[in-house]
Amino acid sequence: MRKLYEILPKIPQYKLFRNYNYPKILPLNLTVGITYHCNSRCRTCNVWKKKTNEFTTDEFDKTFKSMGESPYWLIISGGEPFLRNDIIEICSSAYTHFKPGIINIPTNGILYDKIPGRVEEIAENCPKTQIIINLSIDGIGEKHDSIRNVKDNFKKALKTYEALRALDYPNFNLGVHTVISKYNVGDIPQIYSYFKEKSPDSYITEIAEERVELDTVGSGITPSIEDYTKAIDFVISATGQEKYSGVSKMTQALRFEYYNKVKETLRIKQQTIPCYAGFASAQIAPDGDVWACCIRADPVGNLRDAGYDFKKIWFSGKTDRQRESIKNKECYCSLASAHYTNMLCDLGTLIRVGMRVV
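(A) Region of the structure containing the overall build of the protein. Helix and strand counts for the protein come out as 14 helices and 9 strands. Against the compact-globule benchmark of 21 Å for 358 residues, the protein has a radius of gyration of 19 Å, which places it among compact chains. The dimensions of the protein, computed from C-alpha atoms along their principal axes, are 50 × 45 × 40 Å. Per-residue burial over the protein gives 59% buried out of 358 residues. Across the protein, every contact between residues at least 6 apart in sequence was considered, and the portion connecting residues at least 24 apart equals 79%. For the protein, the accessible surface area stands at approximately 14,600 Å², while carbon and sulfur atoms represent 51% of it. When the 48 basic and 42 acidic side-chain charges of the protein are each reduced to a single mean position, those positions are 3 Å apart.

(B) Structural view of the sheet that holds strand β4 (residues 130–136). On the basis of which strands lie adjacent, the open sheet formed by 9 strands has the order β6-β5-β4-β3-β2-β1-β7-β8-β9 and mixed pairing. With one partner strand each, in any of the chains shown, β6 (202–207) and β9 (299–302) form the two edges of the open sheet. Ignoring strand direction, the axes of neighbouring strands in this sheet form an average angle of 25 degrees. Of the strands in this sheet, β2 (73–77) and β3 (102–107) are in contact with helix α4 (residues 87–98), which crosses β2 at around 165 degrees. Helix-sheet contacts for helix α9 (residues 225–240) involve β5 (172–180) and β6, and the interaxial angle to β6 is about 160 degrees.

(C) How the structure looks around the pattern of salt bridges. All chains considered together, the criterion is met by 14 salt bridges. Note that R304 is salt-bridged to E59, the shortest N-O span being 2.8 Å. Of the two residues, R304 sits in the loop between β9 and α11 (310–314) while E59 sits in helix α3 (residues 57–65), which places them 245 residues apart along the sequence. Taken together, the shared-partner salt bridges connect K24, D320 and R323 into one network.

(D) View of the environment of L335. With respect to the element layout, L335 can be found in the loop between α12 (317–327) and α13 (336–344). Look at L335 and you get buried, because its relative accessible area is 7%. C-alpha separation for the pair L335 and V262, spaced 73 residues apart in sequence, amounts to 8.7 Å. Residues within four places of L335 in sequence aside, it is in contact with E206, E209, R211, Y258, C294 and I295.

(E) Structural detail: the packing of aromatic side chains. The full count for this structure, using the stated rule, is 15 aromatic pairs. Relative to Y340, the ring of W73 has its centre 5.0 Å away and its plane inclined at 25 degrees; by these criteria the two rings are stacked. Residue W73 is found in strand β2, and its partner Y340 is found in helix α13; the two are separated by 267 residues along the sequence. What makes W73 buried here is its relative accessible area of 8%. On the basis of relative accessible area, Y340 is assigned to the buried category, the value being 7%. Aromatic pair Y192 and F234: ring centres 5.7 Å apart, planes at 85 degrees, arrangement edge-to-face. Of this pair, Y192 sits in helix α8 (residues 188–196) while F234 sits in helix α9, placing them 42 residues apart in sequence. Taken together through their ring pairs, the aromatic side chains of F55, F60, F64, F98 and Y308 make up a single cluster. Stacked on the ring of Y95, the Lys or Arg K99 has its end atom at 5.1 Å from the ring centre. Over the face of the ring belonging to W314 we find R323, whose NZ or CZ atom lies 4.8 Å from the ring centre.

(F) Representation of α8. Within the sequence span of α8, burial applies to I188, I191, Y192 and F195. The buried side chains of α8 occupy one side of the element, clustering within an arc of 95 degrees when seen end-on. On the buried face of α8, the contacting elements are α7 (153–165), β5, β6 and α9.

(G) Examining the pairing of β4 more closely. The buried fraction of β4 amounts to 7 of the 7 residues, a majority that puts the element mostly inside the structure. Residues Q130, I132, N134 and S136 point to one face of β4 and I131, I133 and L135 to the other, with burial holding for every one of them. Bridge analysis of β3 against β4 gives 6 bridges, and the strand direction is parallel. Counterpart to I103 in the pairing with β4 is I131. Note on the crossover from β3 through helix α5 (residues 115–125) to β4: the handedness is right-handed. Pairing of β4 with β5 involves 6 bridges; the strand directions are parallel.

(H) Structural context of helix α2 (residues 11–20). Within α2, burial applies to I11, Y14, F17 and R18. Here the buried residues of α2 occupy an arc of 115 degrees about the axis, which is enough to place them on one side. After α2 finishes, the residue N21 shows a positive phi value of roughly 60 degrees.

Basis of the calculations
Residues numbered from 1 in each chain as written. Predicted model: local features only at pLDDT ≥ 70, side-chain atom pairs only at ≥ 80, totals over all residues. Heavy atoms only, no water. Helix = DSSP H or I, 4+ residues; strand = E, 2+ residues; numbered from the N terminus. Rg over C-alpha atoms; globule rule 2.2 N^0.38 Å. Buried < 20%, exposed > 50% of the residue type's maximum accessible area, 1.4 Å probe, protein only. Contact = heavy atoms within 4.5 Å. Areas by Shrake-Rupley, 256 points an atom, 1.4 Å probe, with all protein chains shown as cover. Lys, Arg positive; Asp, Glu negative; His and termini not counted. Charge placed at Lys NZ, Arg CZ, Asp CG, Glu CD. Pairing = 2+ DSSP bridges. Axes fitted to C-alpha atoms, helices over the stretch in contact; angles between N-to-C directions. Salt bridge = Lys/Arg side-chain N within 4 Å of Asp/Glu carboxyl O. Phe/Tyr/Trp six-rings, centres within 6.5 Å; stacked < 30°, edge-to-face > 60°. Lys NZ or Arg CZ within 6 Å of the ring centre and 35° of its normal. Arc of directions from axis to C-beta. Right-handed = clockwise from strand over helix to strand, strands pointing away.

Have a look at this one:
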């Protein structure tokens, strides 16, 4: 299994790439959107409204083959990823071609009759990769259903949780994930307390942002800095008293840093540490568009046009121009997946995370 310490020697290369555009290397963190289809109608996300010609299993396989062994952290996102009947094959293809250290899949948990079996097959097919499933919960009972706009969503998600909790694989972790928005910012202690009794491997949160990818620009879903600070300080205090191990321990240490950086970002409204989007992190949209950053969702090329050669797009002049824009702080965000990578490339943050883990 690829360990985090094995990729740390690459961090200086990413720093050089960002500062001097050399050496040119592939991303450490890759998010792959496999569908925009979703069986939720969340008040914080309109991605389900988007229509596109989705990549086939074969197209994902060709793309992954072009990437060598670079990506360490792979996020399979949606929409609802488990609506893709070939999600097992997609994950297996990634495992075959670059054996990521972590495959992270968020889910709304509605497909309680399909998700557990598919997760079990993914864990079996990718034995040397840590499989992290994050069940998205934004409230308890009817409050969750009202935010998700799906009747009995919470009940179905609980069925999924219990079935996943029963799985026993050394490379499997089950987490609960809450998007903190203006709709539930006061409910975080209740959500945490409810699931603490169910023993997830982790409880994590992310702030609701207005994003081009999710078609939420102008929606006003982000909570105030005062309300968010109160909620997230509770999460930091509560989870800080829990005992974690392995990948979950590392994830929590990174999360504490992330939570504090979100507060700072909301306060100063600019990048708090150098951003490595376009250098160490990237996203592939369901139709093959490549983005340096999913907040901007500004395509730098399409893999179908590039013959499914990721490197051809990644090392292009158009991507270089977007990198320069990001490097010049022409944007900022609180996106968790990008911040993970940014923090790994920041010495001060690495020291603090290392001290927490040790």
